[in-house]
Amino acid sequence: MVSTKAPPSLLYMVKQVELIVRSHLDELVRPAGITALQYTALTVLERHDGLSAAQLARDSFVTAQSIADLVRSLENRGLVRRERNPHNRRELLILLTDVGRALLDRFTEPVRELEERMIRDLTSHQADQFRQSLSKAWHALS
């Protein structure tokens, strides 16, 4: 009797990719004194500056509880600042500082190279399909 093993589930494979990307990203940004999660939060602010803590937590894939410590750490390093929302004085908005932008600029190329390494065995068309498939998968579960 021939035994054929089922391929790993897509969820398992996605998690494997996430863990290895995070490990490489942590290694890449460690010299700057930040973590992959902090780097991710900074890139979110680069795309959508002036978010509330709740919005930043959602878009950075961290819990609302952990975002407070993350933001405090980034603020202590001068990478972000908080200011009152002019439309809702009770809400603080988190904004990227010039120092934060400079740090992101420093890592633009190394992070691009990491992404290129991840997809180097894909054709341009396959890489586009991969991006579209990931986006569709995310939207299906959101």
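Rules used in this analysis
Residues numbered from 1 in each chain as written. Predicted model: local features only at pLDDT ≥ 70, side-chain atom pairs only at ≥ 80, totals over all residues. Heavy atoms only, no water. Pairing = 2+ DSSP bridges. Helix = DSSP H or I, 4+ residues; strand = E, 2+ residues; numbered from the N terminus. Core = buried A, V, L, I, M, F, W, Y, C linked by side-chain atoms within 4.5 Å. Buried < 20%, exposed > 50% of the residue type's maximum accessible area, 1.4 Å probe, protein only. pLDDT = per-residue confidence, 0-100.

Describing the pairing of strand β1 (residues 80-85)
- When β1 meets strand β2 (residues 88-96), the two strands line up antiparallel, connected through six bridges. Pairing of Val80 across the sheet is with Leu96, part of β2.
- The hairpin formed by β1 and β2 contains two residues between the paired strands.

A word on the nonpolar core
- Within the largest apolar cluster, 26 residues are counted, with the highest numbers of intra-cluster contacts made by Ile34, Tyr39, Leu42, Leu56 and Val80.
- When contributions to this core are tallied by element, the ones reaching two or more residues are α1 (10-29), α2 (36-47), α3 (53-60), α4 (64-76), β2 and α5 (98-118).
- Broken down by element, the residue count for this core peaks at six residues, all from α2.

Regarding the confidence of the model for the chain
- Mean pLDDT for the chain: 94, with 98% of residues reaching 70 or above.
- Within the chain, α5 carries the highest mean pLDDT (97), whereas β2 carries the lowest (91).

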